Amino acid sequence: MIAKRIIPCLDVKDGKVVKGTNFIELRVVGDPVALAMAYSNEGADEIIFLDISATNEGRQTLIDIVRKTAENVFVPFTVGGGVRTIADVTTLLKAGADKVAMNSAAVQHPELIREASYRFGAQCIVVAIDAKAFPDGSWHVMTHGGKKDAGIHAIEWAKQAEALGAGEILLTSVDQDGVKEGFDLPLTQAIIDAVKIPVIASGGCGKPAHIAEVFKETDVSAALAASIFHDRTHSISEVKSLCQKEGVSIRAVELL
Amino acid sequence: MIAIVDYGMGNIASVTMALKHLGHDVVVTDDSATLKQASHIILPGVGAFPTAMEEIKKRGLREPLRHMAKTTPFLGICLGMQLLFSEGEEGQKTAGLDLIPGKVSKIETPYILPHMGWNTLRVLPEHQEFLPLNDKHVYFVHSFAVKTSLAHIVATTDYGTEVTAIVKQGHIYGMQFHPEKSGIYGRELLKLFLKEAVSV
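Residues numbered from 1 in each chain as written. Chains lettered and ligands numbered in written order. Predicted model: local features only at pLDDT ≥ 70, side-chain atom pairs only at ≥ 80, totals over all residues.

Per an unreviewed UniProt entry, the recorded name for chain B is Imidazole glycerol phosphate synthase subunit HisH, and the organism is Pullulanibacillus camelliae. Its UniProt record, at the heading Subunit (unreviewed entry), says of chain B: "Heterodimer of HisH and HisF." (UniProt positions renumbered as here; feature names shortened; annotations may be inferred.)

Per an unreviewed UniProt entry, chain A goes by Imidazole glycerol phosphate synthase subunit HisF and derives from Pullulanibacillus camelliae. According to the UniProt record, the Function (unreviewed entry) comment for chain A reads "IGPS catalyzes the conversion of PRFAR and glutamine to IGP, AICAR and glutamate. The HisF subunit catalyzes the cyclization activity that produces IGP and AICAR from PRFAR using the ammonia provided by the HisH subunit." You can read under Catalytic activity (unreviewed entry) in the UniProt record for chain A the words "5-[(5-phospho-1-deoxy-D-ribulos-1-ylimino)methylamino]-1-(5-phospho-beta-D-ribosyl)imidazole-4-carboxamide + L-glutamine = D-erythro-1-(imidazol-4-yl)glycerol 3-phosphate + 5-amino-1-(5-phospho-beta-D-ribosyl)imidazole-4-carboxamide + L-glutamate + H(+)".

Pasting the structure below:
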């Protein structure tokens, strides 16, 4: 039976992992490659890097990180953040990324999804959707780090992204992100019902029970979390034990 | 020396890294003279069946690969495994390398496609050397799968239907999942293939 995937997300800025505050148990503090290796050893089913560098130097460092990760981490990994052109996608895949996630640029130029998918295959094209609830009960797509309303409905955009060739959707609830009160279950299920490609739920995970909850209450394929792992308050194996106890099919943690 | 066939289809970097990590010399090439020197040949691949066969033919590799597969341990990964078979039904019908009888068609499942993620291997009991991998998770990403006689199947996986996961005929191996992305069990599977040696 296929396992539900548990994915730690690393926000990378100018070559360092940011946002996580308390990496005491890890020797190389804030080093993205070391963290990715540690997470994969702990049983992460996949790793996502989101680059939030604002400078060209930062982008260059990212390529280095991708290359070193590919040399040392033997689970799939996705790179996103600032992917604007086919050249960006090509560079990241060539450096060894398994998948590339695109967000704002895909909203502005949906053809980017089609072209990337045609060239490299749907399996490596992830469309990241940041969605925010509106009073009329709909969800709007937000761009530019969740700050700008793109004026389109998240459900419609998800369908369009699939039709253009997206292989997977990384769905972040802007409302829940950082709040640590659990994933947005209605939003997650609404997007899953609209498409036939895997959906990754993101935004709102504050404890292992939230991951078990999104797996039990929706048909989501994967759950992403950042702070609960970075703060070392909870380990990936702890999340997996809980999921297993609650009857969620997961990949058993490989002890090295 | 292990040769990885470079025919312009997909992520060759990760297979190369995984083999180097296991301590092997690796060459990535589309030159048949270099391929002939190899102790093992790996045919990776991500993408569509017809395009892949076209790229192989464009490089004049179809016949050399067919020939070398008779004398050199040969592993097809993902699309590379599908290409080992007689025919693909992705888009238009296309002849494969025809090293093992069988065809490649879209997975018929009530579940979503692609079949993406970690799924468990069900090893057929007669394949003893693979039995330690029974029930272990490996990483799949595909929408098409191989249909072949049970005689060639080593392991399957369950995705609402039985999906061929590992095939073997003599020293020709195929893995539908990505052993290079499947953690320690993926490494074990690569090692099993690399143990294969052919005395000519």
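Caption draft 1: Representation of helix H1 (residues 32-42) of chain A. Residue and element names in this part refer to chain A. Burial analysis of H1 places nine of its 11 residues in the buried class, the great majority of the element. All buried positions along H1 are accounted for by Pro32, Val33, Leu35, Ala36, Met37, Ala38, Tyr39, Ser40 and Glu42. One or two steps after H1, the chain reaches Gly43, where phi turns positive at roughly 115 degrees. (Buried ≥ 20, exposed ≤ 12 C-beta atoms within 10 Å, placed from the backbone. Helix = DSSP H or I, 4+ residues; strand = E, 2+ residues; numbered from the N terminus.)

Caption draft 2: Examining the nonpolar core more closely. Ranked by internal contacts, the top residues of the largest apolar core, which has 155 residues, are A:Ile47, A:Val100, A:Val127, A:Ile169 and A:Ala223. Discounting chain neighbours no more than four positions away, the residues touching A:Ile169 are A:Val127, A:Ile129, A:Ala158, A:Ala161, A:Ile191, A:Val195, A:Ile197, A:Val199 and A:Ile200. (Core = buried A, V, L, I, M, F, W, Y, C linked by C-beta atoms within 7 Å. Contact = placed C-beta atoms within 7 Å.)

Caption draft 3: Structural context of the pairing of strand S13 (residues 162-169) of chain B. Residue and element names in this part refer to chain B. For S13, a buried count of six out of eight residues is recorded, marking the element as mostly surrounded by other parts of the structure. Strand direction decides the pairing type here: strand S12 (residues 153-158) and S13, joined by five bridges, are antiparallel. Bridge pairing in S13 links Ile153 to Val167. Remark: three residues form the turn of the hairpin made by S12 and S13, two consecutive strands paired antiparallel; Gly160 in that turn has positive phi of roughly 75 degrees. Here four bridges tie S13 to strand S14 (residues 172-175), and the two strands are oriented antiparallel to one another. Note that in S14 the partner of Val167 across the bridge is Gly174. From the end of S13 to the start of S14, which pair antiparallel, there are two residues, and Gly170 there has a positive phi angle of about 60 degrees. (Pairing = 2+ DSSP bridges.)

Caption draft 4: Representation of unusual backbone geometry in the model. All names here are of chain B. Note the cis peptide between Leu113 and Pro114, where omega equals 0 degrees. Within the secondary structure, Pro114 is located in the loop between strand S7 (100-106) and strand S8 (115-120). Look at Cys78: it is not a glycine, yet its phi comes out positive at around 55 degrees. Assignment of secondary structure puts Cys78 in the loop between strand S4 (74-77) and helix H5 (79-82). In this structure, Asp135 takes a positive phi of about 70 degrees despite not being glycine. Assignment of secondary structure puts Asp135 in the loop between strand S9 (122-123) and strand S10 (137-142). Taking the C-beta count within 10 Å as the criterion, Asp135 has 11 such neighbours and is therefore assigned exposed.

Caption draft 5: The UniProt feature "active site" (unreviewed entry) in chain A, seen in detail. Residue and element names in this part refer to chain A. Those residues carrying the UniProt feature "active site" (unreviewed entry) are Asp11 and Asp130 in this numbering. Residue placement: Asp11 occurs in strand S1 (residues 5-13). Take Asp11: there are 18 C-beta atoms within 10 Å of it, and that puts it in the partly exposed class. The topology assignment puts Asp130 in strand S6 (residues 125-133). Here Asp130 is in contact with Asn103, Val141, Met142, Gly146, Thr172 and Val174, once residues within four sequence places are set aside.

Caption draft 6: A look at the sheet that holds S9(B). Residues and elements named next belong to chain B. Read from one edge to the other, the open sheet built from eight strands follows the order S2-S1-S3-S4-S14-S13-S12-S9, with strand pairing classed as mixed. Strands at the two margins of the open sheet, each flanked by one partner only, are strand S2 (26-29) and S9. Relative to strand S3 (residues 40-43), strand S1 (residues 2-5) runs parallel, the two sharing three bridges. Looking at S3, one finds that Ile4 is bridged to Ile42. Of the strands in this sheet, S1, S2, S3 and S4 touch helix H1 (residues 12-21), which is tilted by about 160 degrees from S2. (Axes fitted to C-alpha atoms, helices over the stretch in contact; angles between N-to-C directions.)

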